[in-house]
Amino acid sequence: MSRSHHRSETVVETGAGTATGVTRPSRAVRRRALRIAAAGLTAVAALTLTACGQDNPLQTGAAKPYNPAPQAPQDQAAKGDGSLQVGVRHERGRTEQASAEVGGPGAQTGTSGTRAGTGKVGKGGSAVGVRHTACDAAKIRIVAQQLKRPVNHLLLEATNTSGATCDLHLAPYLRFDEAQSPLPELSASKPQAVVTLAPGESGYAAVQTSSADGSGGNGRTMRSLSVSLPGRDGKGSIGGSATVALPGGSVYVDDSAWVTYWQSDASAATTW
C-alpha cells in the first residue's frame, strides 16, 4: 500500500496592487494603529478649537489696566529729602488733600515774619493770637515834625520808652488847643495788623492840618497839641494825655484836618 505524503505550505495572501510575498499585518496590529491615529486626530481637533477661541493662543486671560495704589503722604515723607510733599488721603469715602513738611523744627508758618511756636515778629507786626498791653501815653515819647511833602502835614513819631512790648491801637486822639472833640481818623489808612512796639521802637501817624487847595473852612492858628492813646476796644485812653510841642510853636488848622491810624513806618503814614 502506497503512503501518501502531505507537504505543509505557507499560504501567502496577496491583495490587489500588493507585491507577492508581503505578509499582511494581523488584526490586532491594525486595531492598535487605528486607536493611535484616532487619539492624534482628537488632540489636533482640541488644539484647533482652542486656537479659534483666542486671537493669541499664548494669552492666558484678558489684559487688565495697571492701576497702582496711590502713595500715602507718609511714604513720601519717608524720603527725607526736606521738601514739601503733597498726597491724597482717603478716609470714610472722602478724598482729602494732605500735606507734610519734612525738616527740622522752626518751620515757617503762613504769617509773614513769624516762626511757628516762637511768637516773634519783625518791627511793627504782631503774631496772630499774641496780645500785648496797650501802649501807655505816660511811657511813650511823642514828637511832632513838619513835613514838606505832603504839604500842610505833620508826622507824629511815638517811641516806646518802657521796658515792655506794647501795642498801638487804632489812631491817636488829637486835640488842638481847647477843642472839645479829637480830630477824625482817616478810615482808608487802617492797617491790616496792630502796630506792636518793642522797647525802643517807634510807630507813626500823619496829620493833615488843613486842605492844600484852601477849601477847608473855619481855620485858625493853634498853639498847643495834646495826644491820647486809645485802648484795644477804642473806648477811653490809656495813661491820660501827653502834651506835644508843635514845630515852630503853632500850626494852622481848618475843619478838613484828620489823622491817620498808627503805622509801622513813616513812609506808610505819609501815603495819604
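Now for a quick tour of the structure.

Parameters at a glance
- Residues numbered from 1 in each chain as written.
- Predicted model: local features only at pLDDT ≥ 70, side-chain atom pairs only at ≥ 80, totals over all residues.
- Heavy atoms only, no water.
- Helix = DSSP H or I, 4+ residues; strand = E, 2+ residues; numbered from the N terminus.
- Buried < 20%, exposed > 50% of the residue type's maximum accessible area, 1.4 Å probe, protein only.
- Contact = heavy atoms within 4.5 Å.
- Areas by Shrake-Rupley, 256 points an atom, 1.4 Å probe, with all protein chains shown as cover.
- Polar contact = N/O pair within 3.5 Å; in protein donor to acceptor, adjacent residues only side chain to side chain.
- Pairing = 2+ DSSP bridges.
- Core = buried A, V, L, I, M, F, W, Y, C linked by side-chain atoms within 4.5 Å.

For the rest of this paragraph, the subject is the overall build of the protein. When helices and strands are counted, the protein shows 3 helices and 14 strands. Per-residue burial over the protein gives 26% buried out of 272 residues. The long-range fraction of contacts in the protein, counting pairs at least 24 apart against all pairs at least 6 apart in sequence, stands at 68%. Total accessible area computed for the protein in this model is approximately 18700 Å², and 52% of it derives from carbon and sulfur atoms.

Structurally, threonine 260 can be placed in the loop between strand E14 (258-259) and helix H3 (266-269). Only 2.9 Å separates the side chain of threonine 260 from the backbone nitrogen of alanine 206, close enough to count as a polar contact. Other than its neighbours up to four places away in sequence, threonine 260 contacts Ala171, Pro172, Leu186, Ser189, Ala205, Ala206, Ala269 and Trp272.

Time to look at the sheet that holds strand E3 (residues 133-134). Ordered in space as E3-E6-E8, the 3 strands form an open sheet in which the pairing is mixed. Each edge of the sheet is formed by a strand with only one pairing partner; in this case those strands are E3 and strand E8 (195-197). As defined by bridge partners, E3 adjoins strand E6 (residues 166-168) across 2 bridges and the pair is classed as parallel. From the neighbouring strand, alanine 134 faces E6, where its bridge partner is aspartate 167.

If you walk across this open sheet you meet the 4 strands as E4-E5-E9-E14, and the pairing is antiparallel. The open sheet is flanked by strand E4 (140-147) and E14, the only strands paired with a single partner. Taken together, the 8 bridges between E4 and strand E5 (residues 153-160) define a ladder with antiparallel strand orientation. Bridge assignment links leucine 147 to a residue of E5, and that residue is histidine 153.

What follows concerns unusual backbone geometry. Note the cis peptide between arginine 149 and proline 150, where omega equals -5°. On the secondary structure map, proline 150 appears in the loop between E4 and E5. Unusually for a residue other than glycine, leucine 170 sits at a positive phi of about 55°. Tracing the backbone through its elements, the reader meets leucine 170 in the loop between E6 and strand E7 (173-176). The class of leucine 170 is partly exposed, set by a relative accessible area of 35%. Despite not being glycine, asparagine 218 shows a phi value in the positive range, around 55°. Tracing the backbone shows asparagine 218 in the loop between strand E9 (202-208) and strand E10 (220-222). Given a relative accessible area of 69%, asparagine 218 falls into the exposed group.

As a further point, take the nonpolar core. General note: in soluble globular proteins, nonpolar side chains tend to be found buried as a group. Formed by 30 residues in total, the largest nonpolar core has its most connected members in Leu168, Leu174, Phe176, Leu225 and Leu229. With near-sequence residues (within four places) excluded, leucine 168 lies in contact with Cys135, Ala158, Val194, Val195, Leu197, Gly203, Leu229 and Trp262.

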